[in-house]
Structures are given as C-alpha cells and as structure tokens.
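Examining the three-dimensional arrangement
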Amino acid sequence: MMATKTLPAWRTKLQASLQRHEGVPFSKFFQLATIKPDGRPSNRTVVFRGFLEGTNDIQLVSDIRYNKVAEAARNPAAEVAWYFTDSREQYRLSGLLTMVGPDHENQALQDARAAVWRGMSDKARAQYLWPAPGAPKTGKEEMPQQPPPAADQPPLPTFCLSVLSVKEVDYYETNGQTRYKYSLDGSGDSWQELELNA
Ligand SMILES: Cc1cc2nc3c(=O)[nH]c(=O)nc-3n(C[C@H](O)[C@H](O)[C@H](O)COP(=O)(O)O)c2cc1C
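Residues numbered from 1 in each chain as written. Predicted model: local features only at pLDDT ≥ 70, side-chain atom pairs only at ≥ 80, totals over all residues. Heavy atoms only, no water.

**With respect to the overall build of the chain**
Formally: Only runs of H or I of at least four residues qualify as helices and only runs of E of at least two qualify as strands under DSSP, and these elements are numbered from the N terminus. The globule rule used here is 2.2 Å times the number of residues to the 0.38 power, and the radius of gyration it is set against is calculated over C-alpha atoms. Exposure classes here rest on a 1.4 Å probe applied to the protein chains alone. A residue is buried below 20% of its type maximum, exposed above 50%, and partly exposed in between. Contact between two residues is taken to exist if any of their heavy atoms lie within 4.5 Å; hydrogens are not considered.
Scanning the chain from N- to C-terminus turns up four helices and eight strands. Going residue by residue from the N terminus, the α and β elements of the chain occur as α-β-β-β-α-β-β-α-α-β-β-β. For the chain, the C-alpha radius of gyration of 18 Å lies close to 16 Å, the compact-globule estimate for 198 residues. For the chain, the residues scored as buried account for 39% of the 198 residues in total. A fraction of 62% describes how many contacts in the chain between residues 6 or more apart in sequence connect residues 24 or more apart.

See the structure below:
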C-alpha cells in the first residue's frame, strides 16, 4: 500500500476513461487473473469498487469462499485487464492482492472493508448469506430467510475486500495505436513512464 502524492499518469488516464464511460454500467467490470495452486491462470469478471482512500490501490469485493481468495492468499500476484469500449483503451494493471476478510489485522483495511460494505445495495449485501458458492448444487440448499444485514451493521464474515496494490501498468489505445508502460520504481516512490511500440 502506497500513499498517493501526485497521481501517476496511468491513474489520471484511468479516471478520465471512467468519467467518459460514466453512463456505461459495464465500464466498471474488469477481468482479474490470479494463479491457481498448480500454477495455471484463473480469470474472472469483477466490479471496480473504487480506489483505497489515499492510495492508487484498486478495490473489489468477493465472497471469502470464492477461489480467488485462497489463490491470492497463497500467491498474491494478480493482473487486471480492463477495456473501455468507446475510447478503445485497454489497461493491464499488475501487482499484489491483499485479501481483507474478517480476521485481517490491519485496522485501516478493516475500516475500508466496512466502508465498502456500507456503500453496497441490499441486494448485493444479501448475496453474502447465500449457500456456499462454487459447491455442487444438491437441490437441498436453503436460501436465507432473513433480510440482508443493514448497511450500518458490521460486514458479514463471508465478505472480503480485495485490494490490488498496482506495481506496473500497460496502457494500449487502439485508435491512435499508442502504448505506454508505467512501472513503480524499486523504492515504491515514483512511477516511470515508457512509450512502447503498439
Ligand atoms: C458482470 C459480472 C460481475 C461480477 N462481479 C463480481 C465481483 O465483483 N466479485 C466477485 O467475487 N465475483 C464477481 N462475479 C463473479 C465472478 O466472475 C466469478 O464467477 C466468481 O467470483 C467466482 O470466481 P472464483 O471462484 O474464481 O473466485 C461477477 C460476474 C459477472 C458476470
């Protein structure tokens, strides 16, 4: 986790892409790849939940019972691929994933987990009461009878905030055929920008 001083160029670009696609609901979806215990890639669509306050880290949420949570706990290397349809830009953001479940010890991250939970709809919060996701369907699953916990209640134990600490960004824009690589230097303090052949 790195505190933001001035925004890196990739983030300024990404925020402009988000703003331009404000009316396009699916512009908040991106693909997140993690690594399975046997070394194979694992990829899925998730929803962008903003930046962790005061940092350039990307937030998303997940049920703690999903594979990505155990995968990232074992190997935190991860990459996001995010495509913006109108501007034809692709961002590939790679870095390290931190999974913030109920037992995570960092209080600032627990506060962030509670803040994201508060910002979610009743419908989205209710999903964290569902029967074990990814388990084979038996037909005997019991859907929860109780309403979802209120937003101001603590997050359910199945609720996991995931935070991607971005280390490198590959930006590709197909209209003008421009490509840039942004890398965080070894001290983690400043970003280097390098223009690449597309
Ligand atoms: C449009 C869309 C949005 C999704 N958003 C999320 C999300 O924000 N978080 C999440 O864990 N899964 C989300 N999913 C489900 C994942 O793609 C995936 O099926 C699930 O996380 C299980 O993956 P895993 O077991 O490999 O972790 C979404 C699926 C779709 C189609």
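**Observations regarding the pairing of strand β7 (residues 178–184)**
Our working rule: A strand pair is defined by DSSP finding two or more bridges across the two strands.
Both strand β6 (residues 159–173) and β7 contribute to a ladder of six bridges, which runs antiparallel. Bridging from a neighbouring strand, Y171 pairs with Y180 of β7. In this sheet, strand β8 (residues 191–196) lies alongside β7 in antiparallel orientation, the contact comprising six bridges. Directly across from R179, in β8, lies its bridge partner L196. Linkage of β7 to β8, two consecutive antiparallel strands, is achieved through a turn of six residues, within which G188 is found at a positive phi near 75°.

**A closer look at the pattern of salt bridges**
Selection criterion: When a carboxyl oxygen of Asp or Glu lies within 4 Å of a side-chain nitrogen of Lys or Arg, that pair is called a salt bridge.
A complete count under the given rule lists six salt bridges for this structure. The salt bridge partner of R44 is E71, with a shortest N-O separation of 3.1 Å. Here R44 is found in strand β2 (residues 41–47), whereas its partner E71 is found in helix α2 (residues 67–74), with 27 residues between them in sequence. A residue is classified by how much of its surface remains accessible, and R44, at 17% relative accessible area, is buried. Of the charged contacts in the structure, one is a salt bridge between D63 and R65, with a shortest N-O distance of 2.8 Å. Residue class for D63 comes out buried when judged on its relative accessible area of 5%.

**What about helix α1 (residues 9–20)?**
Put simply, the rule is: The span expected for a helix works out to 1.5 Å for each residue beyond the first.
In this model α1 runs 17 Å from its N-terminal to its C-terminal C-alpha over twelve residues, within 8% of the 16 Å that 1.5 Å per residue would give. Among the structural elements, β3 (58–63), β4 (77–84), β5 (89–100), β6, β7 and β8 are those in contact with the buried residues of α1.

**Looking at the site of the ligand**
What counts, and what does not: Here, proximity means that at least one heavy atom of the residue falls within 4 Å of the molecule or strand. Polar contacts, as counted here, are pairs of nitrogen or oxygen atoms within 3.5 Å of one another; within protein the pair requires one atom able to donate a hydrogen and one able to accept it, and residues that are adjacent in sequence qualify only if both atoms are side-chain atoms. For every accessible area listed, the method is Shrake-Rupley and the probe measures 1.4 Å; residues are considered covered only by the protein chains on display. Residue polarity follows a fixed list, in which Ala, Val, Leu, Ile, Met, Phe, Trp, Tyr, Cys and Pro are nonpolar, Asp, Glu, Lys and Arg are charged, and the others, Gly among them, are polar.
Taken together, F29, R44, T45, V46, V47, V61, S62, Y66, N67 and K68 make up all the residues around the ligand. Between the ligand and the protein, one listed contact pairs an oxygen atom with a backbone N or O atom of V47 at 3.0 Å. At 2.8 Å from a nitrogen atom of the ligand is found a main-chain nitrogen or oxygen belonging to V61. Burial of the ligand by the protein chains amounts to 65% of its free accessible area of 620 Å². Of all the secondary-structure elements, those providing two or more residues to the shell around the ligand are β2, β3 and α2. In terms of residues, the shell around the ligand owes the most to one element, β2, which gives four residues. Broken down by class, the residue content of the shell around the ligand amounts to five nonpolar, three polar and two charged.

**Description of α2**
Heads up, the condition is: The directions from the helix axis to the C-beta atoms form the arc being described.
Looking only at α2, the buried set comprises K68, V69, E71 and A72. Viewed along the axis of α2, the buried residues span an arc of 165°, placing them on a single side of the element. Counted as exposed and oriented over 90 degrees from the buried face of α2: N67, A70, A73 and R74. Buried residues belonging to α2 abut β1 (29–35), β2, β3, β5 and β6.

**Brief notes about the packing of aromatic side chains**
Note the threshold: For Phe, Tyr and Trp, where Trp contributes only its six-membered ring, two rings pair if their centres lie within 6.5 Å, and the inter-plane angle classes them as stacked under 30 degrees, edge-to-face over 60, or tilted in between.
In this structure the tally under the stated criterion is eleven aromatic pairs. When the centroid spacing of 4.8 Å and the interplanar angle of 55° are considered together, the rings of F30 and W82 count as tilted. Taken together, the positions of F30 in strand β1 and W82 in strand β4 put the pair 52 residues apart, joining distant regions of the chain. Pairing W117 with Y128 gives two aromatic rings, centres 6.1 Å apart and planes at 70°, and the pair type is edge-to-face.

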